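Understanding the architecture of this molecule
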Amino acid sequence: MAAKLILLDQDGVLADFEQGVRQRWQLTYQQPLPLPERRHFYLREDMAPQYHQQLTQIYSSKGFFASLPPMNQGIQAARRLLEAGHDVRICTSPIDDYHYCVSEKFDWVARYLGDEWLNRIILAKDKTWIRGDILIDDKPMISGSLKPQWQHWICDQPYNRNATNIHRVNWQKPESWSELLQ
Ligand SMILES: [Mg+2]
């Protein structure tokens, strides 16, 4: 495949956001995350309303984004895509309470991918403004004010399996993305 501009989402693609929430919830509230099953992209939509405020507090807390564990095989995949000759960028939307989130997203990239990847971060609240050939993102519907130039490939997660007719990437299933390495 000719060299592409590949945009990688950060949370749910490189960083294991969900596992991070579970860990911090346990640490903070001394009990497991009260989440019966995952069906919606936003965790809060799968949780009873009485927990929403606690969930927001987790997202906004100091150290949350910096301490997210890496997704299994995600870091290796990002490196391999770059080595294959693609121009790989990390395209991520900070949460509205950005105070810790923004700087810790940079910390996270430096820690797991290295300082040289800091130049590859693109922060965008609206990803339709960003140029690229392929955006690999776990969010099922990515909308914004422009018509996207990229093709959306979905990063497989339990909460986005309803999305069909879309190329599905699972880092642990090489056949789902190996065409990018040829
Ligand atoms: Mg995401």
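Throughout what follows, the structure given in this document is the object of discussion. Given the structure is predicted, the values throughout are model-derived calculations rather than measurements.

Once that is clear, we can look at the packing of aromatic side chains. Per the stated rule, a full pass over the model turns up 11 aromatic pairs. Judged by centre distance (6.1 Å) and plane angle (75 degrees), the rings of Trp25 and Tyr51 are edge-to-face. On the criterion of sequence distance, the pair formed by Trp25 in helix α1 (residues 17–29) and Tyr51 in the loop between α1 and α2 (52–60) is long-range, its members being 26 residues apart. Judged by its relative accessible area of 25%, Tyr51 falls in the partly exposed class. On the basis of an interplanar angle of 45 degrees and a centroid distance of 4.8 Å, the ring pair of Trp108 and Tyr112 is categorised as tilted. Of this pair, Trp108 and Tyr112 both sit in helix α4 (residues 98–112), 4 residues apart, which is roughly one turn of the helix. For Trp108, a relative accessible area of 1% puts it in the buried group. Among the aromatic residues, those joined into a ring-pair cluster are Phe17, Tyr59, Phe64 and Phe65. If you follow Arg120 out to its NZ or CZ, it ends over the ring of Trp117, 5.8 Å from the centre.

Rules of the game
- For every chain, the first residue of its written sequence is number 1, and the numbers climb from 1 along that sequence.
- Per-residue local features are limited, in this predicted model, to residues with pLDDT of at least 70; the limit for side-chain atom pairs, both in listing and counting, is 80 or more; totals at the level of whole chains, interfaces and linings are taken over all residues.
- To obtain the side-chain values, all non-hydrogen atoms of the structure were included, while hydrogens and water were left out.
- For this analysis, a ring pair means two rings from Phe, Tyr or Trp (six-membered ring only for Trp) whose centres lie within 6.5 Å, classed as stacked if their planes differ by under 30 degrees, edge-to-face if by over 60, and tilted for the remaining angles.
- In this text, helices come from DSSP runs of H or I with a minimum length of four residues, and strands from runs of E with a minimum of two, each type numbered from the N-terminal end.
- Whether a residue is buried, partly exposed or exposed follows from its accessible area with a 1.4 Å probe, protein chains only, as a fraction of its type maximum: under 20%, in between, or over 50%, in that order.
- For a ring to carry a charge above it, either NZ of a lysine or CZ of an arginine must fall within 6 Å of the ring centroid while also lying within 35 degrees of the normal to the ring plane.

In short, shape yes, function no, at least from these values alone.
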